Structures are given as structure tokens and as C-alpha cells.
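# Reading the structure
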Amino acid sequence: MVKVAIFDFDGTLANTLPDLKITINLTREHYGLAPVTEADVLRHVNNHIPRYIELMLPELQNAEKWKEAEQTYYAIYDHNYLNETVPYDGIPEMLQKLKADGIKLAVMSNKNHEHVARMVEALFPSVFDSVWGTIPEVPAKPNPARAHLIAEEFGVQMNEIAFVGDSDVDMITAVNAKAVPVGVSWGYRPADCLKENGAMYTPVDAADLYNTIKSI
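Since the structure is predicted, the reported quantities are computational estimates derived from the model, not experimental observations.

### Some thoughts on the side chain of Asn 46
- Within the fold, Asn 46 resides in the loop between α2 (38–44) and α3 (49–56).
- Side-chain polar atoms of Asn 46 contact the side chain of Arg 189, separated by 3.2 Å.
- Apart from residues no more than four positions distant in its own chain, Asn 46 is found in contact with Asn 110, Asp 166, Ser 167, Val 169 and Arg 189.

Now the structure itself:
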């Protein structure tokens, strides 16, 4: 029986691609570089930010410049993270149903912690019991360290946690953590990719995800 559901954010709870594209292209423009497409963003979006910046600005070819670009990216995202980002259909209602059922809800994202905390509160106010983005003290996904800390926070075993995400990185994290891997098929990676990386379930919409979590 699932007692806790851990959710990825980008591509799982909300469609963030338009604002990610805006932000990375403004960052590239800052360095005099040509814009990239949404497909380019989609290819690398599940990496944690330092690696994402390297992959999206390979022309810089310098660790110091990539570090500077990371701060530039954060500053630009501060003004663009909720321009076009919206929850996927049915997600707010599905979360409220899980919460009413007594299931603890957490977010575990590779986004910068401050950004994901603000975005979760803006889009899903007072819904989640625990929200975590990337912080220096804890390794990013697919390392399962944060998932284990969330399990300790709620006093549950890993097999009592549904780990819900939309990417190969999320499914690998779930497998590494020994949680139940649930791969949503509406996000940034196809269902086949999720299954290949350990997804036990691939719900097709929010209602299906609710029923899946309740059935485990």
C-alpha cells in the first residue's frame, strides 16, 4: 500500500517547456549565441542544472564560463518561470484526491530548489507536504539520496513510496531508491523509454495515475 507519492516536477506535474526554451535562449543571446529549438531543450531537460547548462551552451567550452552562465540562467528564469508554465490537465484535482486519502505528497526535482519551491506553491498552493529541488548538500537524481531522506521524513519504507516521473532519469532514480517506479506517459519522454528504464506502470492521464497509485 502506497503511503507516500514522490513527484518529479517538469513534465510530470506541469508543462514547463515553453518557459525553459525562453530562458535558455535569452541565456544564449546573452553570450551572442543563436537560439535553440524546443526539441533541443527536450533532449537535455532532465539533467541537473550544471550539466544542462553545459549541454545547452556547449560553445562556451569552459568550466568557469559555464558556472557564470548558470547564474545568468537563474537570474533570467527568475523573471520567466511562470510565463507559460501550467499544470497538466487534471493534476491539481488528482493531487487533492490523494491528499484527502491521507497519502503524503512530495516533490523531488532536479530544478534549483528555490525555483521549484516557488513554482509548486504558485501552481499547487498548500498541497505538498515536502518540496525539494537540487541543493549542494544532496546529490541530484538519479542518485536516490533525497528519496531516502523523504522516506525518513515520513517514517515509511521505500516500497511504500510511489515515485512518479516522466523521464528515464526518474525511473532510474526510483529503481535505485527501491521505490515503485511510475512513469507518466504525457511528459517529456515516451512510455517505451520509461518502461526500458524500470517503470512498472505508465498511466496515460491524471485519473489513470490516481487509480494506479491507489491500486499499488
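Back to the write-up after that little detour.
### Considering helix α7 (residues 145–154)
- Turning to α7, its buried residues number three or more, namely Arg 146, Ala 147, Ile 150 and Ala 151. Considered in projection along α7, the buried side chains sweep an arc of 145 degrees and stay on one side of the axis.
- Just beyond α7, the residue with positive phi is Gly 155, at close to 65 degrees.

### Description of the pairing of strand β5 (residues 130–134)
- Sheet topology note: the strand β4 (residues 104–112)/β5 ladder contains four bridges and is parallel. Among the inter-strand pairings, Asn 112 is bridged to a residue of β5, identified as Thr 134.

### Concerning the environment of Met 119
- By secondary structure assignment, the location of Met 119 is in helix α6 (residues 113–123).
- Taking the C-alpha atoms as reference points, Met 119 and Val 86, separated by 33 residues in sequence, lie 9.9 Å from one another.

### A word on the pattern of salt bridges
- Applying the stated criterion across every chain, the model contains twelve salt bridges.
- Across the pair Lys 99 and Asp 129 runs a salt bridge, and its minimum N-O distance is 3.5 Å. Separated by 30 residues along the polypeptide, Lys 99 in helix α5 (residues 91–100) and Asp 129 in the loop between α6 and β5 bring together distant segments of the chain.
- Using a relative accessible area of 30% as the deciding quantity, one classes Lys 99 as partly exposed.
- With its nearest N and O atoms 3.4 Å apart, the salt bridge here joins Asp 101 to Lys 214. One end of the pair, Asp 101, is in the loop between α5 and β4; the other, Lys 214, is in helix α10 (residues 206–215), and 113 residues separate them in sequence.
- The partly exposed category is assigned to Asp 101, whose relative accessible area is 36%.
- One salt-bridge network, in which partners are shared between bridges, spans Asp 8, Lys 141 and Asp 170.

Procedures and definitions
Residues numbered from 1 in each chain as written. Predicted model: local features only at pLDDT ≥ 70, side-chain atom pairs only at ≥ 80, totals over all residues. Heavy atoms only, no water. Helix = DSSP H or I, 4+ residues; strand = E, 2+ residues; numbered from the N terminus. Polar contact = N/O pair within 3.5 Å; in protein donor to acceptor, adjacent residues only side chain to side chain. Contact = heavy atoms within 4.5 Å. Buried < 20%, exposed > 50% of the residue type's maximum accessible area, 1.4 Å probe, protein only. Arc of directions from axis to C-beta. Pairing = 2+ DSSP bridges. Salt bridge = Lys/Arg side-chain N within 4 Å of Asp/Glu carboxyl O.

Remember, this is a structural readout, not a statement about activity or role.
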